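Residues per chain, in single letters:
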Amino acid sequence: TKSTYLYLAQGFMQKMRTIGKQVNIANINGDALMLAAMGNPSHVAIVVSYSGETPLVLNAAYMAQSQQTPIIAITSISQSTLSKMADVSLRMSSREMLNTPIGEFATGESVACLYDILYAVIFSFDYDHNLEYKLAIAKVIDDNYSEYEPINNEGE
């Protein structure tokens, strides 16, 4: 459901903030269109829809496309409208029935995994800087910060 995807998006947003990346989430229906309208080619829209055919989601994707905002679609249907219009299409699990998912375990876990992969890829683009930034922030805000150096496998 939408609430499951919002919860997972919030976790992704939090991770991205720890490396200084701004993420906005459409929490209410009007937000999706507004955020899409505010997009530009330097932004990326991550659009999540199990079917890839939800009218509100497609309207936001069309708006993002009109702003020349690249689109990453997370969906289960490879030939959906959303998949076809996205610049990159990632597949969530399709192990639950479209109209009667029970617990949404497979879709939730697969979307969480895709968010983790996206975060890892973005982190890796500037690994040293992102690690330094993340550790500096942790030192300021985290009571459990350790003065120990992170493991460096290169010197072993």
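It should be noted that the structure appears before, not after, this text.
Numbering of residues begins from 1 in every chain and follows the order in which that chain's sequence is written. Whole-chain, interface and lining totals are the exception, using all residues; otherwise, since this is a predicted model, local features are given only for residues with pLDDT of at least 70 and side-chain atom pairs are given and counted only at 80 or more. In computing side-chain values, all of the structure's heavy atoms are included and hydrogens and water are not.

Asks: Mind showing me how you'd approach helix H5 (residues 105–125) here?
Replies: One turn of an α-helix holds 3.6 residues; hence residues three or four places apart share an orientation. Relative to the 30 Å expected for 21 residues at 1.5 Å per residue, H5 spans 31 Å between its end C-alpha atoms, a close match to the ideal helical length. For every residue, the accessible area (1.4 Å probe, protein chains only) is compared with the maximum for its type, and the residue is labelled buried under 20%, exposed over 50%, or partly exposed between those bounds. Strands are runs of DSSP state E lasting at least two residues, helices are runs of H or I lasting at least four, and both sets are numbered from the N terminus onward. Residues of H5 that are buried: Ala106, Thr107, Gly108, Ser110, Val111, Leu114, Tyr115, Leu118, Tyr119 and Phe123. Those residues of H5 hidden inside the fold are in contact with helix H1 (2–17), strand E1 (45–48), strand E2 (71–75), strand E3 (88–91) and helix H6 (127–141). Here the expected length of a helix is defined as 1.5 Å per residue gap, with one fewer gap than residues. Here, two residues are considered to be in contact whenever any of their heavy atoms come within 4.5 Å of each other.

Asks: I tried to follow the pattern of salt bridges on my own but got confused; where do I start?
Replies: Opposite charge on two side chains permits them to pair, given that their charged atoms come into close proximity. Each reported salt bridge corresponds to a side-chain nitrogen of Lys or Arg within 4 Å of a carboxyl oxygen of Asp or Glu. Overall, the coordinates contain one salt bridge when judged by the stated rule. Lys15 serves as the salt-bridge partner of Asp116, at 2.3 Å between the closest nitrogen and oxygen. In this pair, Asp116 is assigned in helix H5 and Lys15 in helix H1, connecting sequence segments 101 residues apart. For Lys15, a relative accessible area of 32% corresponds to the partly exposed category.

Asks: Looking at this structure, I do not really get the nonpolar core. What am I missing?
Replies: Generally speaking, nonpolar side chains in soluble globular proteins are found buried as a group. Buried Ala, Val, Leu, Ile, Met, Phe, Trp, Tyr and Cys residues form a nonpolar core when they are joined through side-chain atoms within 4.5 Å. Grouped together as the largest cluster of nonpolar side chains are 21 residues, with contacts concentrated most on Phe12, Ile74, Met92, Val111 and Tyr115. Elements with a minimum of two residues in this core: H1, E2 and H5. A total of seven residues in this core trace back to one element, the largest contributor, which is H1. Those residues in contact with Met92 that sit more than four places away from it in its chain are Tyr5, Val48, Ser49, Tyr50, Ile74, Thr75, Ser76, Thr107, Ser110, Val111 and Leu114. In terms of nonpolar packing, the next biggest core, distinct from the first, is built from 12 residues, Val47, Leu58, Met85 and Ala86 among them.

Asks: Please clarify how helix H3 (residues 55–66) should be interpreted in this entry.
Replies: Taking 1.5 Å as the rise per residue, H3 with 12 residues should run 16 Å; its terminal C-alpha atoms sit 16 Å apart, in good agreement. Residues Val57, Leu58, Ala60, Ala61 and Ala64 constitute the buried set of H3. Viewed along the axis of H3, the buried residues span an arc of 160°, placing them on a single side of the element. Looking at the packing, one finds that the buried side of H3 touches helix H2 (29–37), E1, E2 and helix H4 (81–85). Positive phi shows up at Gln68, right after H3, with a value of about 60°. Arc definition: directions from the helix axis to the C-beta atoms.

Asks: Hey, could you run me through unusual backbone geometry in this one?
Replies: Most of the time, phi is negative for any residue but glycine, and the peptide bond is trans. One non-glycine residue, Gln68, adopts positive backbone phi at about 60°. Mapped onto the elements of the fold, Gln68 is located in the loop between H3 and E2. Assessed through its relative accessible area of 59%, Gln68 is described here as exposed.

Asks: Where do I start with a nonpolar patch on the surface in this structure?
Replies: Residues Tyr133, Ile137, Val140 and Ile141 make up a contiguous nonpolar surface patch of about 400 Å² in total accessible area. Relative to the elements of secondary structure, Val140 occurs in helix H6. Accessibility expressed as a relative area gives 70% for Val140, which makes it exposed. Like-charged residues within 9 Å of one another, or nonpolar side chains (Val, Leu, Ile, Met, Phe, Trp, Tyr) within 5 Å, are grouped into patches, provided each residue has over 30% relative accessible area and no salt bridge. Values of accessible area rely on a 1.4 Å probe in the Shrake-Rupley scheme; residue burial ignores everything except the protein chains shown.

Asks: Where do I start with the packing of aromatic side chains in this structure?
Replies: How two aromatic rings sit relative to each other is given by the distance of their centres and the angle of their planes. Stacked, edge-to-face and tilted are the three classes for Phe, Tyr and Trp ring pairs, Trp counted by its six-membered ring, which pair at centre distances within 6.5 Å; planes under 30 degrees apart are stacked, over 60 edge-to-face, the rest tilted. The final tally for this structure, using the stated rule, is three aromatic pairs. Judged by centre distance (4.9 Å) and plane angle (25°), the ring pair of Phe12 and Tyr115 falls under stacked. With Phe12 in helix H1 and Tyr115 in helix H5, the pair connects residues that are 103 residues apart, well separated along the chain. Overall, the relative accessible area of 7% leaves Tyr115 in the buried class. Here the aromatic cluster, defined as three or more aromatic residues joined through ring pairs, consists of Tyr119, Phe123 and Tyr127.

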